[in-house]
Amino acid sequence: MTSHGGAAALECIALFLAEICAGGEENRWDTARRFMDFARRLECIVHRLAREPELLSSPAVRTALGGVAADLDAARPTISVYRTRSPIYILIHCVPLFEVLSSRATSIAAWLALLDAPLSTLPDLRKKVSDLSRDMDQPHHKVTDTEERVYAGLQRVAADAKQSSKAVLSATVMDLARALGIDPTDHTKLGEQIKLLKVDLSGLSSVAERRILVSLEKTLHDWSREPSLAGGLVVSSFEEEAQISPFNNFLCPLTKEVMKDPVVIESSQTYERAAIRHWLDRCSEDERDPTCPVTGLILQSLELKPNIGLSGAIEEWVNRNVEIQIKLALQYLGEETSCPVERIEMVLDNVYRISEEHPAYRYKVRNSGIVNLLVRQLKDQSSKIGSELRGKTLMVMLSMVKDGESKQIMLEEGIIKLVIRSLTGRSEMEKEYALKLLLEFSNELDYCTKIALEKGALVLLSSIAENPDYPTLSNLAEEVLANLEKVEDNVQHLAMAGRFQPLVTRLCSGAEDIKLETATLLGKMSLTNIGKDYITRQGGQILVDMLSCSQEQKKSSLHALVNLSTLDESAAILVDFGILPALTNILFSKQQDFFTETNELAASTIANIVSKSGHWEFSFADKEGHHMQSEFIMHKLLDLLSNSSCRCQAAILHILCGIVSSPRASDISASCIKSSDGIKSLVHYVEHPEIKHRVYSCRLLSLLSEKLGHAFSEEFRAYVKIVSLRIKLLDADSSPEETCEIACLLANLSFSDDEVKTDPNCLGYDLLAWTIAKLIEQQSNSSGRNSRRGRRIVYGLLGLLLHYARSSDLEIIAIVQKNQIMSIFLEQLSSHSHSRWKHQAALGLKYLSESIRASVATDLLEPQLQHGLCSPFLLLCGRRTMAPILCPLHEAPCDKCNSFCLLKGNAIKPLIDLMGDDNMDVQLAAVEALSTVLLDVQSIKNAKEELEQLGVFDAMIHLFKEVRPGKLQEHVTLLLEKFFQVEMIAMDYSNDQGLVMALIGAMKYGNANTKRYAQDALANLRVLSGGIKVSSNQGKKRNR
């Protein structure tokens, strides 16, 4: 490096020093001023070095100058902060700023030490450099104690302003004012300095800096407020004495509020005890000397002496103001006429502040009658005042409830009912204070029962507790409910409101007598499905275990289990808990040749469990490993049926209904009943005096008739007169359940045409009219239609219509036409109908379509002669009668309204849609119905265009490709064989390789009939026997 480099460094140093030293005399900060003093001394040294150019060629000099230049450049921003930023900003950062300048001074001192050897020929310059290096390297004075205290306080505020009390913030601001040289009482000057800080932070600023600014502004705002006992609106009638302003010495210097417990410290300053204690604790936490916030003096003693004289004066002032505010409250709360909401809010705020800030004066509020007025306001004017004002009223009462006598007054005035009503308020504030009041009352066990018995209280509390959208309200409601749960008398009420945990806890963890009491209670309660599921999961095992205990426990447990098992999910859970062996053991055991209530309860519980297919089908019903549907259990049930009490008989019939209705158990149970001559014993209950016996026996016999068919019908009619069932069916006084089961039973029996048509002891025409009317009534009831009973009665009614639809008697056909039964069947083919309804409706259309052949040969379908005034003239004129339009399927004049033609009746398209149903029985019924018009080749030729437009051929071929071997495949294959006898249809589908493959598969795996039909269909398609090959001149591929 040459001397040129040293000169450049020297020039930079001169420029940096000039900037640093500019205006240095005016700087108020010792740290900055001291560094500037060093800079001025360095400036003199730099001027002298500039006159010695030969020194600049020395490497040591060049290195030293380069280092000094770098440190001065780094110190410039810090000096700029001292010069341009507000004093409060500097105090916030005074310690870091000091550390920056101190470290730069030490570094510069080290660089200057390198000049000692090169300056040996210039002793006077050498001494100046050595002295400056020594002074800059010595430990520098730290920031002042006041500045350091302010810095520590502000940093605590920056860390978390919420943790700093009002007193500590005030003391910190006082220290800040002293550090700024401002009197703490001069709020104007202090506000100006805070505004300067706000300007500094208007650009980029940290979260800590903004937090300090907000705290300073808030503290200054609190200082500027007019102190009073209770702020609010001053009304003209009391304007002169509405508020007596406090003397300045009544106010704590830290809180700027009237003192409640004034104390004097060593500096003779008076503070609120709690406020000065907070400040002294903060000094101790910061490990610094305690100081007087007002004077800043260090305290040698921390003794707090009560200021008795000032305390008495303040008490007298408070007492006078309390009387004024109570007088105002009585005036506005007691007005009969409507009072402005603003005035009511004012007095409520005043009363609340009296109660909270001066609890010793609550007795004055109570004795004045304000508590009664508050309750009356909620009671009489609840609809007139808004939710927010009701919330504020509850807030005042929550404060006053801490006074025991005030609480008693509220209870006598019916406050609990009013508070419960506020739980439905619109504002969150009203609900919150209502819950807080209830929580206050529920802390005393004597009031818990009163709350629980209040109408709607537990339901509202439970709903609020379960609402996660409002966590504050939810937690409060939970606390209230937790208190209510401590009273045993409330357990049942809580369970009725959906709060089951206390009940389950008593059942699972209570003593034997508690378990017995709880189980008895469960047997009497009306539970929701949610409640049944919860109790079963939590306490079901305990109830099952109680079945093996004493007779009393067994009985109480059975009552509970009967109640719980009415829910299917609960029944499945109880089966998993092993309930069936215990129940069958009780059911099949008699006490001294008579049945007790426990036998009846056990039978009722089993009936509930088996009423729906589920776990019980796979579970053991006794200790020997028999299932409920086993022959052993079925025989025992049938034997028990004739030897049990009336109530037990009904339950056993119910059990048998459940077992026979189960898809897995129906076949074996039905055959068991038939083999044991059970039908003969069951039919006697059809005419039993008790309705339950009649309903369950009819249902059971109806289920058996579905399984046993014609053999059952003959045996049943040997023991029962159909006329008695018919009479009950037509009886308007019969119960809906009995009507439903009798309809299903009659629907499954077999009847001759004479019995259907004219025999009054069987069906007859009047039953047809009743059936149609009942079906229309049931279909119009959407809610009843979707219930289990609603589905069964529609099934039974449609089954009754099938008796009439399948008849070939011409008189019955005419009656069926007149009642438009075909349209009734068509209505059941919609997608939202149940599968059994669709199946019956498709069968009905099949029967009606089959009867059209007989109808064509009669006069029923002949065209009617013209009648009327002009008919003779038509004959005289010799005009020819127009030929009727013939149906292409029947070659007869089919009419939409007066015939059963599937084509004219628009039934073919719904039946095609039905072939896509998930239920195979429905698909088969639809195919059978279509077969009635599609088995005649000539009819297919005549109606080819209409059938093609409806998509009959495509739909049938699509179904054939997907169907499995069986009866359905046989019917579809037969129809395809008929289709392909029509040459044009065969040509259209001859190139469908998927169809050919499906036909070949039917030839391999179908039954004998299917194989024959498939072979004929392939022959009609001109498929050669040597392989799947189609003649090139046979048709063209259909463009579908």
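The structure contained in this document is the topic of the report that follows. Just so you know, these numbers come straight off a predicted model, no measurement behind them.

A word on the overall build of the protein chain
Here is step 1 of the chain: Summing up its helical and strand segments, the protein chain has 55 helices and three strands in all.
Here is step 2 of the chain: Counting over 1040 residues, the protein chain shows a buried share of 51%.
Here is step 3 of the chain: Working note: accessible area of the protein chain is about 49400 Å², and carbon and sulfur atoms make up 51% of it.

Notes on the packing of aromatic side chains
The geometry of two aromatic rings is summed up by the distance between their centres and the angle between their planes.
Here is step 1 of the chain: Counted according to the given criterion, the structure contains six aromatic pairs.
Here is step 2 of the chain: For the pair F441 and Y447, a centre-to-centre distance of 6.2 Å together with 90 degrees between the ring planes defines the contact as edge-to-face. Here the two residues F441 and Y447 agree in accessibility, since each one is buried.
Here is step 3 of the chain: Each residue in the set F247, F250 and W317 is aromatic and connected to the rest through ring pairs, giving one cluster.

As for the pattern of salt bridges
When the charged atoms of two side chains with opposite charge come close together, those side chains can pair.
Here is step 1 of the chain: Scanning the model with the defined rule gives 51 salt bridges in all.
Here is step 2 of the chain: Close ionic contact of D261 with R273 constitutes a salt bridge, the shortest N to O distance being 2.6 Å. With D261 in the loop between α10 (207-224) and β1 (262-264) and R273 in helix α11 (residues 273-285), the pair connects residues that are 12 residues apart, well separated along the chain.
Here is step 3 of the chain: On the basis of relative accessibility, which here comes to 31%, the residue D261 falls in the partly exposed class.
Here is step 4 of the chain: For the salt bridge of E285 with R282, the shortest nitrogen-to-oxygen distance reads 3.8 Å. With a gap of three residues between them, E285 and R282 both fall in helix α11, about one helical turn apart.
Here is step 5 of the chain: Salt bridges sharing partners connect three or more residues here, namely R41, K127, D131, R134 and D135.

Quick look at the nonpolar core
Here is step 1 of the chain: With 167 residues, the main nonpolar core has M628, I655, L701, F825, L911, F979 and F980 as its most contacted residues.
Here is step 2 of the chain: The residues contacting F980, other than those within four sequence positions of it, are I957, I985, A986, Y989, L995, L999, A1017, N1020 and L1021.
Here is step 3 of the chain: Within the second largest apolar cluster, 156 residues are counted, among which are V157, L378, L423 and L439.

Some points on the sheet that holds strand β2 (residues 270-272)
Here is step 1 of the chain: Strand order in the open sheet formed by three strands is β2-β1-β3, with antiparallel pairing between adjacent strands. Of all the strands in the sheet, just β2 and β3 (305-306) have a single pairing partner and so form its edges.
Here is step 2 of the chain: Here β1 pairs with β2 via three bridges, running antiparallel. Along β2, the bridge assignment pairs V264 with T270.
Here is step 3 of the chain: α11 rests against β1, β2 and β3 of the sheet, and its axis sits at about 95 degrees to β2.

Here we look at unusual backbone geometry
Here is step 1 of the chain: Located in the positive-phi region is K256, a residue other than glycine, with phi close to 60 degrees.
Here is step 2 of the chain: With respect to the element layout, K256 can be found in the loop between α10 and β1.
Here is step 3 of the chain: Positive phi values are uncommon outside glycine, yet E287 reaches one of about 55 degrees.
Here is step 4 of the chain: On the secondary structure map, E287 appears in the loop between α11 and β3.
Here is step 5 of the chain: In this structure E287 comes out as exposed when scored by relative accessible area, which is 75%.

Quick notes on the environment of I606
Here is step 1 of the chain: Note that I606 resides in helix α30 (residues 597-610).
Here is step 2 of the chain: Judged by its relative accessible area of 1%, I606 is buried.
Here is step 3 of the chain: Along the chain, I606 and L587 lie 19 residues apart, while their C-alpha atoms are 9.3 Å from each other.
Here is step 4 of the chain: Not counting the four nearest positions on each side in its chain, I606 is found in contact with L583, T584, L587, M628 and I655.

Topic: helix α33 (residues 666-675)
Here is step 1 of the chain: Residues of α33 that are buried: S666, S669, A670, C672 and I673. Projected onto a plane normal to the axis of α33, the buried residues spread over an arc of 160 degrees and lie on a single side. Exposed residues on α33 whose side chains face more than 90 degrees from its buried face are D667 and S675.
Here is step 2 of the chain: In the core, the buried residues of α33 are packed alongside α31 (631-641), α32 (646-661), α34 (678-682) and α35 (691-708).
Here is step 3 of the chain: Looking one or two residues beyond α33, the residue adopting positive phi is D677, at roughly 60 degrees.

Digging into the packing of helix α38 (residues 736-748) against helix α42 (residues 788-805)
Here is step 1 of the chain: Viewed as axis vectors pointing N to C, α38 and α42 meet at an angle of 40 degrees, and their least axial separation amounts to 8 Å. The way α38 lies across α42 gives a crossing that is left-handed. When α38 is examined against α42, the residues P736, E737, T739, C740, E741, A743, C744, L746, A747 and N748 are found in contact with a partner set consisting of R789, R792, I793, Y795, G796, G799, L800 and H803.
Here is step 2 of the chain: In terms of residue class, the contact of α38 with α42 is made up of nine nonpolar, five polar and four charged.

Quick notes on the packing of helix α51 (residues 952-962) against helix α52 (residues 967-979)
Here is step 1 of the chain: One way to put it is that α51 packs onto α52 with a least axis distance of 10 Å and a crossing angle of 140 degrees. The angle between the axes of α51 and α52 places the two elements in the oblique class. Viewed along their axes, α51 and α52 form a crossing whose handedness is left-handed. Contact residues: α51 offers V952, F953, M956, I957, L959 and F960, while α52 offers Q969, V972, T973, L975, L976 and F979.
Here is step 2 of the chain: Its residues assigned to classes, the contact of α51 with α52 comprises 10 nonpolar, two polar and no charged.

Things to note about the side chain of T605
Here is step 1 of the chain: Within the fold, T605 resides in helix α30.
Here is step 2 of the chain: When residues no more than four places from it in sequence are discounted, the contact partners of T605 are L558, L561, V562, S565, I579 and L583.

A few points about the environment of R421
Here is step 1 of the chain: Mapped onto the secondary structure, R421 falls in helix α18 (residues 415-422).
Here is step 2 of the chain: Separated by 10 residues in the primary sequence, R421 and K431 place their C-alpha atoms 9.4 Å from one another.

Here's the deal with the side chain of N748
Here is step 1 of the chain: Note on placement: N748 falls in helix α38.
Here is step 2 of the chain: N748 gets classed as buried once you look at its relative accessible area, which sits at 17%.
Here is step 3 of the chain: A polar contact of 3.1 Å, which involves the side chain of N748, links it to the backbone oxygen of S702.
Here is step 4 of the chain: Among the polar contacts listed, one links the side chain of N748 to the backbone oxygen of C744, at a separation of 3.2 Å.
Here is step 5 of the chain: If near-sequence neighbours (up to four positions away) are discounted, N748 is found in contact with S702, S705, E706 and Y795.

Conventions adopted
- For every chain, the first residue of its written sequence is number 1, and the numbers climb from 1 along that sequence.
- Totals for whole chains, interfaces and linings use every residue, but because this is a predicted model, local features are given only for residues with pLDDT of at least 70 and side-chain atom pairs only at 80 or more, for both listing and counting.
- Processing note: side-chain calculations cover all non-hydrogen atoms of the structure and skip hydrogens and water entirely.
- Secondary structure follows DSSP: runs of H or I at least 4 residues long count as helices, runs of E at least 2 residues long count as strands, and numbering of each begins at the N terminus.
- Per-residue accessibility, obtained with a 1.4 Å probe over protein chains only, is compared with the maximum for each type, and a residue is labelled buried under 20%, exposed over 50%, and partly exposed between these values.
- All accessible-area figures derive from a Shrake-Rupley calculation using a 1.4 Å probe, and residue coverage is judged against the displayed protein chains alone.
- Think of it this way: a Phe, Tyr or Trp ring, Trp meaning its six-membered ring, pairs with another when their centres are within 6.5 Å, and the plane angle makes it stacked under 30 degrees, edge-to-face over 60, tilted otherwise.
- For this analysis, a salt bridge means a side-chain nitrogen from Lys or Arg found within 4 Å of a carboxyl oxygen belonging to Asp or Glu.
- Put simply, a nonpolar core is a bunch of buried Ala, Val, Leu, Ile, Met, Phe, Trp, Tyr and Cys residues held in one set by side-chain atoms that sit within 4.5 Å of each other.
- The contact rule is simple, with two residues in contact once any of their heavy atoms fall within 4.5 Å.
- For two strands to count as paired, DSSP must find a minimum of two bridges between them.
- An axis is simply a line fitted to the C-alpha atoms; with a helix, the fit covers only the stretch in contact. Between two such axes, the angle follows the N-to-C directions and lies from 0 to 180 degrees.
- Here, the arc refers to the directions that run from the helix axis to the C-beta atoms.
- Here is the rule for handedness: rotate from the far helix to the near one, and if that takes an anticlockwise turn smaller than a right angle the crossing is left-handed, while a clockwise turn gives right-handed.
- Residues were grouped as follows: Ala, Val, Leu, Ile, Met, Phe, Trp, Tyr, Cys and Pro as nonpolar; Asp, Glu, Lys and Arg as charged; and all remaining residues, including Gly, as polar.
- Working definition: roughly parallel below 35 degrees, roughly antiparallel above 145 degrees, roughly perpendicular at 65 to 115 degrees, and oblique for all remaining angles.
- Within 3.5 Å is the distance limit for a polar contact, defined as a pair of N or O atoms, with the added protein rule that one can donate a hydrogen and the other accept it, and that residues adjacent in sequence qualify only through two side-chain atoms.

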